[in-house]
Amino acid sequence: ILFSFVLMIGKPIGGGNLRIYNQRINPEQRQTIEQARYSKTDDLFMNDYVEINLDSGDLVIADTGMHPHEVTKVVGSKIRWTMCSFMAQSKAGHAVYCWG
């Protein structure tokens, strides 16, 4: 399991939302969004997601190791600033690692 932490520091004028698809990734294959999209019909994949519109100071924790995800197009001249980190259990299961 790989968890991602996303803290919104500076919100753009528009867009820049975190979109997490409801398609589970086969952990052995580590599919990209495009590979996962083609494993189902475009309509089924493209319409089955959660989109999170973060405000400055919001923190999201998501299982991004198992679900394709992306950031929607940022609109306007204001930069989208985030702080991200990851957390996962070691393969042997004796430790949990965090990096970012």
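Just above, that's the structure.
Residues numbered from 1 in each chain as written. Predicted model: local features only at pLDDT ≥ 70, side-chain atom pairs only at ≥ 80, totals over all residues. Heavy atoms only, no water.

**A word on the packing of aromatic side chains**
The geometry of an aromatic ring pair is captured by the separation of the ring centres together with the interplanar angle, meaning the angle of the planes. The final tally for this structure, using the stated rule, is two aromatic pairs. Each ring, one from Y21 and one from Y49, has its centre 5.6 Å from the other, and the planes form 65°; the classification is edge-to-face. Taken together, the residues Y21 in strand β3 (residues 18–21) and Y49 in strand β4 (residues 49–52) connect sequence positions 28 residues apart. One residue, R19, lies across the ring of Y49, its end atom 4.3 Å from the ring centre. (Phe/Tyr/Trp six-rings, centres within 6.5 Å; stacked < 30°, edge-to-face > 60°. Helix = DSSP H or I, 4+ residues; strand = E, 2+ residues; numbered from the N terminus. Lys NZ or Arg CZ within 6 Å of the ring centre and 35° of its normal.)

**Points about the pattern of salt bridges**
By the definition in use, this model includes three salt bridges. With a closest N to O distance of 2.6 Å, R19 and E51 form a salt bridge. Within this pair, whereas R19 is found in strand β3, its partner E51 is found in strand β4, the two being separated by 32 residues in sequence. Residue classification places R19 among the buried positions, given a relative accessible area of 17%. Put simply, E70 and R19 hold a salt bridge, and the shortest N to O gap is 4.0 Å. You can see E70 sitting in strand β6 (residues 69–71) and its partner R19 sitting in strand β3, a full 51 residues away along the chain. Among the residues examined, E70 registers a relative accessible area of 25% and is labelled partly exposed. Each of R19, E51 and E70 takes part in a single network of salt bridges with overlapping partners. (Salt bridge = Lys/Arg side-chain N within 4 Å of Asp/Glu carboxyl O. Buried < 20%, exposed > 50% of the residue type's maximum accessible area, 1.4 Å probe, protein only.)

Scope: geometric values only; no functional claims are made or implied.
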